[in-house]
Amino acid sequence: MSTGNDVRVSGVPDGRPIVFAHGYGCDQNMWRFVAPDFEVDHKVVTFDFVGFGQSDLSAYDPDRYNSLRGYAADVVQLLRELELTDVVFVGHSVSAMIGVLAHLQAPDLIGALVMVGPSARYVDDGDYTGGFSRAAISELLDNLDANHLGWSAAMAPVIMGNPDRPELAQELTNSFCRTHPDVARQFARVAFLSDNRADLAGVTAPTLVLQCSEDVIAPEPAGRFVHENVAGSAFTQLAATGHCPNLSAPEETTAAIRAFL
C-alpha cells in the first residue's frame, strides 16, 4: 500500500534510517522544519498515512483503518518495501502508538522509538489521567460529526497552543480542513477511543518520550505514564508549549532527538 503513501526519501543513502510519522489531520509537511536537519547523516523518510495529505484516498479501507493496527501494518509494509532495518521511528501524537504497534508487529525493523506528545489512552480511567472525560470525548466526536470545518477551526488553535503565533493554528486548521470528512471522523474515533496502555510493556527498543508543556491533548501525566511503562525509556520535558512542537519549536525538538540518538 505504501505506493499510496506519497513516500519521500532523502539524506544519506546508507545512513541509519529515520522515519517521521504525522499525527491526526496532518501530513508529512508537519516535519518540514525537523526532518531536513537529519539529512546530513541519516536516510530520511517521510510519508502520509492513507487518507491524509497527498496519499491515495482510493486506498482508504474503513475496515482496515478501524484500528491503529491497520496504520501500523502500513508502516511495517513501508519499511519492508524500502528494505529498512534499525529504523528510528519518530511518531507525533497518535503516531507514537502506531509506532509502538508497528514495533510489536515487526520488532526486527525498528531500532528506536521517539514519541512526540504521546498518549496511550486519551480518556481518563480510574486513577489514570488521559486528559479527557468520556463525556468530553463523546462531545468532541459529536461536534466533529456535525460540522467538520467548524470543529477544525475551533479545535486547531486549542491543539496547537501558542496563541501569540496565530499562523501556526491557521496552518493546522487548513490541514484539518483538507482531510476528507469521512476519514477525519473515523480516524478521530479510532485515535481518541484507543487504549494502548497494555502494549507499552512489549516495547524493547530504546525509546524517548518528548513531553510538551501545556499540552491539552497529551498532558504531562499521560506522557509520564508512557515513560513509566516503557522499560528503560528516556523522558524529556520540552519548554515548547502546545501539542505540535515539530511546528512550534523545531529547533528544540530536533536537539532533543539528536541528544537521544
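(A) Molecular detail of the overall build of the protein. When helices and strands are tallied, the protein shows 9 helices and 7 strands. Relative to the globule expectation of 18 Å for 261 residues, the C-alpha radius of gyration of the protein, 17 Å, shows essentially globular dimensions. Here the C-alpha coordinates of the protein stretch approximately 50 × 40 × 35 Å along the principal axes. In the protein, once contacts between residues fewer than 6 apart in sequence are set aside, the share between residues at least 24 apart is 75%.

(B) Expanded view of the pairing of strand β7 (residues 234–241). Relative to β7, strand β6 (residues 207–213) is paired through 5 bridges, and the arrangement is parallel. Within β7, the position partnered with Q211 by the bridge is Q237. A crossover links β6 with its parallel partner β7, the connecting element being helix α7 (residues 220–229), and its sense is right-handed.

(C) Inspection of the environment of A135 at higher detail. Take A135: it is sitting in helix α3 (residues 134–146). Judged by its relative accessible area of 55%, A135 falls in the exposed class. The spacing of A135 and V123 is 12 residues in sequence and 9.2 Å in space, taken between C-alpha atoms.

(D) Focus on the side chain of Q211. Mapped onto the elements of the fold, Q211 is located in strand β6. Q211 sits in the buried class, given a relative accessible area of 0%. Within the local environment of Q211, its side chain forms a polar contact with the backbone oxygen of A218, the two atoms lying 3.0 Å apart.

(E) Quick look at the environment of S194. Mapped onto the elements, S194 comes out in the loop between α6 (181–192) and β6. Between the alpha carbons of S194 and R121 there is a distance of 6.0 Å; along the sequence they are 73 residues apart. Setting aside chain neighbours within four positions, we find S194 in contact with L68, A120, R121 and Y122. At 2.7 Å, the side chain of S194 forms a polar contact with the backbone oxygen of A191.

(F) Fine view of α7. Looking at α7, one finds that the buried residues are A222, G223 and V226. All buried residues of α7 lie within an arc of 100° about the axis, which places them on one face of the element. Those residues of α7 that are buried lie in contact with α2 (94–105), β5 (110–116), β6 and β7.

(G) Here's a closer look at the side chain of T179. Mapped onto the elements of the fold, T179 is located in the loop between α5 (166–178) and α6. Setting aside its immediate chain neighbours within four residues, T179 contacts G25, G51, F52, H148 and A184.

(H) Just the environment of S233, in detail. Relative to the helices and strands, S233 is located in the loop between α7 and β7. When its relative accessible area of 9% is taken as the criterion, S233 is described as buried. The sequence separation of S233 and V203 amounts to 30 residues, and the corresponding C-alpha distance is 9.5 Å. In contact with S233, not counting residues within four places along its chain, are T207 and H227. Engagement of the side chain of S233 in a polar contact is seen with the backbone oxygen of H227, the distance being 2.8 Å.

(I) Region of interest: the sheet that holds strand β1 (residues 8–11). A sheet is described by the order of its strands in space; here 7 strands give the open sequence β1-β3-β2-β4-β5-β6-β7, paired in mixed fashion. The outermost strands of the open sheet, each flanked by one partner alone, are β1 and β7. Each strand of the sheet is rotated relative to its neighbour by a mean of 20°, with strand direction disregarded. Bridge count for strand β4 (residues 87–92) against β5 is 6 bridges, and the pairing is parallel. Counterpart to G91 in the pairing with β5 is M115.

(J) Summary view of the pairing of strand β2 (residues 16–21). Most of β2 is tucked away, with 5 of its 6 residues classed as buried. With 5 bridges connecting them, β2 and strand β3 (residues 42–46) associate as parallel partners. Following the sheet pairing, I18 is matched in β3 by V44. Sheet analysis places β2 next to β4, joined by 4 bridges and oriented parallel. Looking across to β4, one finds that V19 is bridged to F89.

The rules we used
Residues numbered from 1 in each chain as written. Predicted model: local features only at pLDDT ≥ 70, side-chain atom pairs only at ≥ 80, totals over all residues. Heavy atoms only, no water. Helix = DSSP H or I, 4+ residues; strand = E, 2+ residues; numbered from the N terminus. Rg over C-alpha atoms; globule rule 2.2 N^0.38 Å. Contact = heavy atoms within 4.5 Å. Pairing = 2+ DSSP bridges. Right-handed = clockwise from strand over helix to strand, strands pointing away. Buried < 20%, exposed > 50% of the residue type's maximum accessible area, 1.4 Å probe, protein only. Polar contact = N/O pair within 3.5 Å; in protein donor to acceptor, adjacent residues only side chain to side chain. Arc of directions from axis to C-beta. Axes fitted to C-alpha atoms, helices over the stretch in contact; angles between N-to-C directions.

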